[in-house]
Amino acid sequence: MTILLTRSDLESVLTPADCLTSVEEAFRNYGEGRTAAPKSLGLHAPAGTFHVKAATSDVCAIKINANFPGNPTRHQLPTIQGVIVLMDMERGTPLAILYSAFITTLRTAAATALAAKHLPPEDGATVALIGCGTQGRASLEALRLVRPIRSAYAYDLDRDAADRFAHTMSASLGIDVRAAANVDAAVAHADIVVTCTTARAAILDVRHLHPGLFIAAVGADNPEKQELAPALLRDSKVVVDILEQAASMGDLHHALDAGILTREDVHGELADVICGRAAGRRDDDEVF
């Protein structure tokens, strides 16, 4: 029997805290060699991209996501739609089919929070969110599980979206969230910056760096997307989730292609930091 789990089913049982615990366990298992790195495949369409990611542990999990940024305005549909299929490792039997977008949002936010648990300065309490959609909201909620966030700045190309984000998140989280007029204003006083956009050209550059800054760039999920200038990565300590994936898509991929960095320049994978093989922050002035 194959179980079907809808968004409402998942929302009734899965919390950001649950997801953070599971994601930390998954990274630790990977870092300690108990699971292999996931495999990833990208397929392009005229209006978006299909992402296929697969991994095995006690089950085989395969996620198929469609990422179509124009959906909300053109079709009144979510940007991300898809399914996760779980299959038995002994018989190959499909065990469950799950709505993937909710899990993807929580998982991405949990990975951001997990990095923020280890890499920002100890007293880091101010966040800048670049991109005020669903992922931005989930990221801010997850960060509060690991950091004493007291204030946040929000920037979006759509100023109305930033204003709505600030109003909604201030009310729901009980912290001071303000819409910023531009990226510079959002980042200037932040300890933690999260970029969750669909940008295809860098939105953060070396000029945005300041001592102690931690940047979690999560939007560049295919080779065409980019949020960070290669020179910014050169002047920072770079920690990636999975090196093989990061080297073929997104911001590290652009820095490698430009000859700004080599794979050997990468400080480590997030699992290396969690397992103690790579140092986390050593002083408050380091930039990650």
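All figures in this text were calculated on a predicted structure; none of them were measured in a lab. (Residues numbered from 1 in each chain as written. Predicted model: local features only at pLDDT ≥ 70, side-chain atom pairs only at ≥ 80, totals over all residues. Heavy atoms only, no water.)

Novice: What should I look at first to understand a negative patch on the surface in this one?
Specialist: A contiguous patch of negative charge on the surface is contributed by Glu122, Asp123, Asp283, Asp284 and Asp285. Position of Asp283 relative to the elements: it lies in the segment after helix H11 (270-274). With a relative accessible area of 38%, Asp283 lands in the partly exposed category. (Patch = residues over 30% accessible without salt bridge, like charges linked within 9 Å, V, L, I, M, F, W, Y side chains within 5 Å. Areas by Shrake-Rupley, 256 points an atom, 1.4 Å probe, with all protein chains shown as cover. Salt bridge = Lys/Arg side-chain N within 4 Å of Asp/Glu carboxyl O. Lys, Arg positive; Asp, Glu negative; His and termini not counted. Charge placed at Lys NZ, Arg CZ, Asp CG, Glu CD. Helix = DSSP H or I, 4+ residues; strand = E, 2+ residues; numbered from the N terminus. Buried < 20%, exposed > 50% of the residue type's maximum accessible area, 1.4 Å probe, protein only.)

Novice: It is not clear to me how the packing of helix H5 (residues 134-143) against helix H6 (residues 159-173) should be interpreted in this structure. Could you clarify?
Specialist: The N-to-C vectors of H5 and H6 enclose an angle of 30 degrees; their axes lie 11 Å apart at closest approach. Looking at the two axes, H5 sits roughly parallel to H6. Between H5 and H6 lies a crossing whose hand is right-handed. Packed against H5, whose contacting residues are Gly136, Arg137, Leu140 and Glu141, the element H6 presents Phe165, Met169 and Leu173 at the interface. Looking at the contact of H5 with H6 residue by residue, the classes come out as four nonpolar, one polar and two charged. (Axes fitted to C-alpha atoms, helices over the stretch in contact; angles between N-to-C directions. Parallel < 35°, antiparallel > 145°, perpendicular 65-115°, else oblique. Left-handed = near helix turned anticlockwise from the far one by under 90°. Contact = heavy atoms within 4.5 Å. Nonpolar A, V, L, I, M, F, W, Y, C, P; charged D, E, K, R; others polar.)

Novice: Would you mind going over the packing of helix H2 (residues 16-31) against helix H4 (residues 100-118) with me for this structure?
Specialist: In a packed pair of helices, the relevant descriptors are the angle between the two axes and the axis-to-axis distance. Closest axis-to-axis distance for the H2/H4 pair is 9 Å, and the angle between their directions is 70 degrees. Regarding the angle of H2 to H4, the classification is roughly perpendicular. Both H2 and H4 take part in a crossing whose hand is right-handed. Where H2 abuts H4, its residues Pro16, Cys19, Leu20, Val23, Glu24 and Phe27 lie against Leu106, Arg107, Ala110, Ala111, Ala113, Leu114 and Lys117. Partitioned by chemical class, the residues of the contact of H2 with H4 number ten nonpolar, no polar and three charged.

Novice: Explain the nonpolar core to me, please; I cannot follow it from the model alone.
Specialist: The tendency in soluble globular proteins is for nonpolar side chains to be buried as a group. In terms of nonpolar packing, the biggest core is built from 49 residues, with Phe27, Val127, Leu140, Phe165, Val177 and Phe214 touching the most fellow members. With ten residues, H4 is the single largest residue contributor to this core. Leaving out residues up to four positions away in the same chain, Phe165 has contacts with Leu129, Cys132, Gly136, Arg137, Leu140, Ala154, Ser170 and Val177. (Core = buried A, V, L, I, M, F, W, Y, C linked by side-chain atoms within 4.5 Å.)

Novice: Help me out: how do you make sense of the sheet that holds strand S12 (residues 214-217) in this one?
Specialist: The strands that make up a sheet pair up through hydrogen bonds in the backbone, lying either parallel or antiparallel. Strand order in the open sheet made by the five strands is S9-S8-S7-S10-S12, with parallel pairing throughout. The open sheet has two edge strands with one neighbour each: strand S9 (176-179) and S12. Between one strand and the next, the sheet's axes are offset by a mean angle of 15 degrees, whatever the strand orientation. Across five bridges, strand S7 (residues 126-130) lies against strand S8 (residues 151-155) in parallel orientation. For Ala128, the partnering residue across the bridge sits in S8 and is Tyr153. Seen against the sheet, H6 touches S7, S8 and S9 and runs at an angle of roughly 170 degrees to S9. (Pairing = 2+ DSSP bridges.)

Novice: How do you make sense of the pattern of salt bridges when you look at a structure like this?
Specialist: Two side chains bearing opposite charge may form a pair once their charged atoms approach each other closely. Counted according to the given criterion, the structure contains 14 salt bridges. Among the ionic pairs, Lys117 bridges to Glu24, the shortest N-O distance being 3.2 Å. Taken together, the residues span a long stretch of sequence, with Lys117 in helix H4 and Glu24 in helix H2 at a distance of 93 residues. We note a salt bridge from Arg263 to Glu244, for which the minimum N-O separation is 2.6 Å. Placement of Arg263 in the loop between helix H10 (250-257) and strand S15 (268-269) and of Glu244 in helix H9 (residues 243-246) is noted, with a sequence separation of 19 residues between them. The class of Arg263 is partly exposed, set by a relative accessible area of 38%.

Novice: Help me out: how do you make sense of the sheet that holds strand S6 (residues 94-99) in this one?
Specialist: Strand order in the open sheet formed by six strands is S1-S6-S5-S4-S3-S2, with mixed pairing between adjacent strands. Edge positions in the sheet fall to strand S1 (3-5) and strand S2 (39-45), since each of these pairs with one other strand and no more. For this sheet, the mean inter-axis angle between neighbouring strands, taken without regard to orientation, is 15 degrees. Across seven bridges, the pairing between S2 and strand S3 (residues 48-56) is antiparallel. By the bridge assignment, Ala45 is partnered in S3 with Gly48.

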